[in-house]
Every structure is written in structure tokens, then in C-alpha cells.
Amino acid sequence: MNVEVTKLVERNLTEYFAELLGLTVDKNIYRGAIPETANNAAAVRIASRINTTKIDHLTFDLQVMGKFANRDDAWVLITKVLASVPLYGKKIHETTIVCMLPIDGTSAPYTALEKGQVKHYASVNLRVAVINTY
């Protein structure tokens, strides 16, 4: 699997979630991870590629995460992301989402101290199958 394909899919999905959440790429939503210095921000990262012996679409486990000063903002991220799935046939540049679904499990805010301040985190896990056209 070419790492460039994974980066392309992750970049395009970051743009999709930026629009969904009303955020700006590289300002308050990032690809891969939330920078330590960022507050009230989100990130989209491909956590893993699902390998299969079947002829199938590229399939990834995807994580949408957030770090906020306010717990309610963490709930907004979770609610908006979960309300956007299932999603079928959405084209984002070269990437078409064949299907995006939540992965079974719990999505809830959690708190942690960061440099002596309470931060509220959110994480939503999704599975996405895509087709890329170049």
C-alpha cells in the first residue's frame, strides 16, 4: 500500500470533517494529531488499514478526535460526527467514500489535565471504505 494513498485519503477526510464541523484545516482541525499548542481543536487520523484477502475497496479505521476547554464542545463534535453517518457515495476531490459507518463502541467526552488545566477530549471511531481516482 502506497503511503501517499493513505495520506491523500486522510487529507480529503480531514477536509470533509472540517466542513462538517465548521472548522478550518491547519487552523483548528488537523490531519493525524492535534498539536500540543492547539486549544479547541480537532484532528482526523487513519488509525489502521483493514487488510483483507478479498477483492474489496480500500478500507480504513478512522478516528475523529477533539481537545476542548469546554465539555459541551466535546459533545458537539461527537454528536455532529455520529449524525453524519452512515454516509455513502460522498466525493471529496479524488476520494469517494463508498461507505462510512461508526465502529461499535462508546463515544463520550473524557477529561485530563494538560499543563495544570483541565481539557475535555472526544473521540469517535469510524470505518470507511473508499475509492480513489487520479
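Structure: see above.
Peer 1: So what exactly am I meant to see when it comes to the packing of aromatic side chains here?
Peer 2: The geometry of two aromatic rings is summed up by the distance between their centres and the angle between their planes. Applying the stated criterion across every chain yields a total of 2 aromatic pairs. A ring pair is formed by Tyr110 and Tyr121, whose centres lie 5.5 Å apart and whose planes are at 15°; its orientation type is stacked. Of the two residues, Tyr110 sits in strand β6 (residues 110–114) while Tyr121 sits in strand β7 (residues 117–132), which places them 11 residues apart along the sequence.

Peer 1: Quick question: what am I supposed to make of helix α2 (residues 71–83) here?
Peer 2: An α-helical segment advances 3.6 residues per turn. Residues three or four places apart therefore align on the same side. Under the 1.5 Å per step criterion, the end-to-end length of α2 is 18 Å for 13 residues, consistent within 8% with the ideal 18 Å. Of the positions making up α2, those classed as buried are Ala74, Leu77, Ile78 and Val81. Across the axial projection of α2, the buried residues extend over an arc of 95°, all falling on one side. In this structure, α2 carries Asp72 and Ala83 as exposed residues pointing more than 90 degrees from its buried face. Where α2 is buried, its residues contact α1 (3–21), β2 (41–49), β3 (58–68) and β7. With a side-chain oxygen lying 2.6 Å from the backbone nitrogen of Asp72, the N-terminal cap of α2 falls on Asn70.

Peer 1: Where do I start with the pattern of salt bridges in this structure?
Peer 2: A side chain of one charge can pair with a side chain of the opposite charge if their charged atoms are brought near each other. On inspection of all chains with the given rule, the structure shows 5 salt bridges. A salt bridge links Arg31 to Glu10, with the nearest nitrogen and oxygen atoms 2.7 Å apart. Highlighted residues: Arg31 in strand β1 (residues 29–31) and Glu10 in helix α1, separated in sequence by 21 residues. By relative accessible area, which is 8% here, Glu10 ends up buried.

Peer 1: Any chance you could explain the packing of α1 against α2 here in plain terms?
Peer 2: Describing two packed helices takes the angle between their axes plus the distance from one axis to the other. The geometry of α1 relative to α2 is characterised by a closest axis approach of 10 Å and an angle of 115° between their N-to-C directions. With respect to each other, α1 and α2 are oriented roughly perpendicular. With respect to the hand of their crossing, α1 and α2 are arranged in right-handed fashion. Residue-level contacts link Phe17, Leu20 and Leu21 of α1 to Leu77, Lys80 and Val81 of α2. Classifying every residue of the contact of α1 with α2 by side-chain character gives 5 nonpolar, no polar and 1 charged.

Peer 1: For this particular structure, what's the right way to read the nonpolar core?
Peer 2: The tendency in soluble globular proteins is for nonpolar side chains to be buried side by side. Ranked by size, the top nonpolar core spans 29 residues in total, and within it Phe17, Leu62, Leu77, Met100 and Leu126 carry the most contacts. Elements with a minimum of two residues in this core: α1, β2, β3, α2, β5 (95–102) and β7. Per-element accounting of this core gives the leading share, 7 residues, to α1. With sequence-adjacent residues up to four places away left out, Met100 is seen in contact with Tyr16, Phe17, Leu62, Val85, Pro86, Leu87, Leu126, Arg127 and Val128. Within the second largest apolar cluster, 5 residues are counted, among which are Tyr30, Ala38, Ala41 and Met65.

Peer 1: Before we go on, may I ask you to explain α1 in this structure?
Peer 2: The end-to-end C-alpha distance of α1, which contains 19 residues, comes to 27 Å, matching closely the 27 Å that a straight helix rising 1.5 Å per residue would cover. Buried within α1 are the following residues: Val5, Thr6, Leu8, Val9, Glu10, Asn12, Leu13, Thr14, Tyr16, Phe17, Ala18 and Leu21. Just past α1, the residue Gly22 takes up positive phi, approximately 70°.

Each value, and the rule that gives it
- Residues numbered from 1 in each chain as written.
- Predicted model: local features only at pLDDT ≥ 70, side-chain atom pairs only at ≥ 80, totals over all residues.
- Heavy atoms only, no water.
- Phe/Tyr/Trp six-rings, centres within 6.5 Å; stacked < 30°, edge-to-face > 60°.
- Helix = DSSP H or I, 4+ residues; strand = E, 2+ residues; numbered from the N terminus.
- Expected span 1.5 Å × (residues − 1).
- Buried < 20%, exposed > 50% of the residue type's maximum accessible area, 1.4 Å probe, protein only.
- Arc of directions from axis to C-beta.
- Contact = heavy atoms within 4.5 Å.
- Polar contact = N/O pair within 3.5 Å; in protein donor to acceptor, adjacent residues only side chain to side chain.
- Salt bridge = Lys/Arg side-chain N within 4 Å of Asp/Glu carboxyl O.
- Axes fitted to C-alpha atoms, helices over the stretch in contact; angles between N-to-C directions.
- Parallel < 35°, antiparallel > 145°, perpendicular 65-115°, else oblique.
- Left-handed = near helix turned anticlockwise from the far one by under 90°.
- Nonpolar A, V, L, I, M, F, W, Y, C, P; charged D, E, K, R; others polar.
- Core = buried A, V, L, I, M, F, W, Y, C linked by side-chain atoms within 4.5 Å.

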